[in-house]
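Below, each chain spelled out in residue letters.
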Amino acid sequence: METPRHPLPPFTMETALQKVQIAEDAWNTKDPEKVALAYTIDTEWRNRTDFINGREEVKEFLTKKWQKELNYKLKKELWGFKENRMAVRFEYEWQDHSGQWFRSYGNELWEFDENGYMQKRYASINDLAIEESDRTL
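What counts and how
Here, residues in each chain are numbered from 1, in the same order as that chain's written sequence. Note on the predicted model: pLDDT of at least 70 is required for a residue's local features to be given, and 80 or more for side-chain atom pairs to be given and counted; whole-chain, interface and lining totals, by contrast, use all residues. Here the side-chain values reflect all heavy atoms present in the structure, with hydrogen atoms and water set aside. The aromatic pairing rule takes the rings of Phe, Tyr and Trp, using the six-membered ring of Trp, and pairs them if the centres are within 6.5 Å, calling planes under 30 degrees apart stacked, those over 60 edge-to-face and the rest tilted. Secondary structure elements follow DSSP: runs of H or I no shorter than four residues count as helices, runs of E no shorter than two count as strands, and numbering proceeds from the N terminus. We call a residue buried when its accessible area falls under 20% of the maximum for its residue type, exposed when it is over 50%, and partly exposed in between, using a 1.4 Å probe and counting protein chains only. We define a salt bridge as a contact between a side-chain nitrogen of Lys or Arg and a carboxyl oxygen of Asp or Glu at a distance within 4 Å. Two strands make a pair as long as DSSP finds a minimum of two bridges between them. Every angle, taken between N-to-C directions, lies between 0 and 180 degrees, and every axis is a line fitted to C-alpha atoms, over only the stretch in contact when it is a helix. Here a residue-residue contact requires only that any non-hydrogen atoms of the pair lie within 4.5 Å.

Under the criterion given, the structure shown has 10 aromatic pairs. On the basis of an interplanar angle of 75° and a centroid distance of 5.2 Å, the ring pair of Phe 11 and Phe 112 is categorised as edge-to-face. Of this pair, Phe 11 sits in the segment before helix H1 (13–27) while Phe 112 is found in strand E5 (residues 101–112), placing the two residues 101 residues apart along the sequence. Each member of the pair, Phe 11 together with Phe 112, is buried. Taking 5.0 Å as the distance between ring centres and 65° as the angle between the ring planes, the aromatic pair formed by Tyr 39 and Trp 45 counts as edge-to-face. On the basis of relative accessible area, Tyr 39 is assigned to the buried category, the value being 4%.

What follows is about the pattern of salt bridges. Under the definition given, this model contains 14 salt bridges. For Lys 59, the salt bridge is made with Glu 33, and the minimal N-O distance between the two is 3.3 Å. Remark: Glu 33 occurs in helix H2 (residues 32–36) and Lys 59 occurs in helix H3 (residues 55–68); sequence separation between them is 26 residues. For Glu 33, a relative accessible area of 47% corresponds to the partly exposed category. Glu 91 is the salt-bridge partner of Arg 89, the closest N and O atoms lying 2.9 Å from each other. For Glu 91, a relative accessible area of 15% corresponds to the buried category. Put simply, Glu 77, Arg 89, Glu 91, Glu 93, Arg 103 and Arg 135 are held in one network by salt bridges that share partners.

So, on to the sheet that holds strand E4 (residues 85–95). Overall, mixed pairing links the 6 strands, which are arranged E2-E1-E6-E5-E4-E3 in an open sheet. If you trace the sheet from one side to the other, it starts and ends with strand E2 (50–53) and strand E3 (70–82), each paired once. The sheet shows a mean angle of 20° between the axes of neighbouring strands, direction not considered. Alignment of strand E1 (residues 39–47) against E2, held across 4 bridges, turns out to be antiparallel. Following the sheet pairing, Asn 47 is matched in E2 by Asp 50. Here H1 sits on the sheet and contacts E1, E3, E4, E5 and strand E6 (118–130); the angle it forms with E3, its principal contact strand, is near 165°. Where H3 meets the sheet, it contacts E1, E2, E3 and E4, and its direction lies at approximately 50° from that of E1.

Let us now look at the pairing of E6. In this structure, E1 lies alongside E6, joined through 5 bridges in parallel fashion. Bridging across to E6, Asn 47 finds its partner in Ala 123. In this structure, E5 lies alongside E6, joined through 12 bridges in antiparallel fashion. Across the sheet, Glu 111 pairs through a bridge with Lys 120, a residue of E6. Joining the antiparallel neighbours E5 and E6 is a turn of 5 residues, in which Gly 116 adopts a positive phi near 85°.

Here it is, written out as structure tokens:
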């Protein structure tokens, strides 16, 4: 059994906001090993059109993501929550290997197990090419 990852569900406004900030901080490290530890061993993801199953696939996915998405910077915002579920909006900026900047917008639905690990993550994401001068993050 894994050590609980606080805060635990059921969430309050305070603990839901904490959980979102913890996720934002972890993703901004761009460390697939660290980020993957927040998910259950058998986590289920939908990220755009990718279906990812299990913590090991999460690590592989994130490694490829951050090899492609250079200078990545993310901001998350709690949209709503109930018991062990959350809705989060986010935006992040990144640069491809040709130097083009992008802002990616999206929404995520999260479901946590009783120990505070995310067992389901469903993300819908859209990308917008931007000028470097239009960056906000």
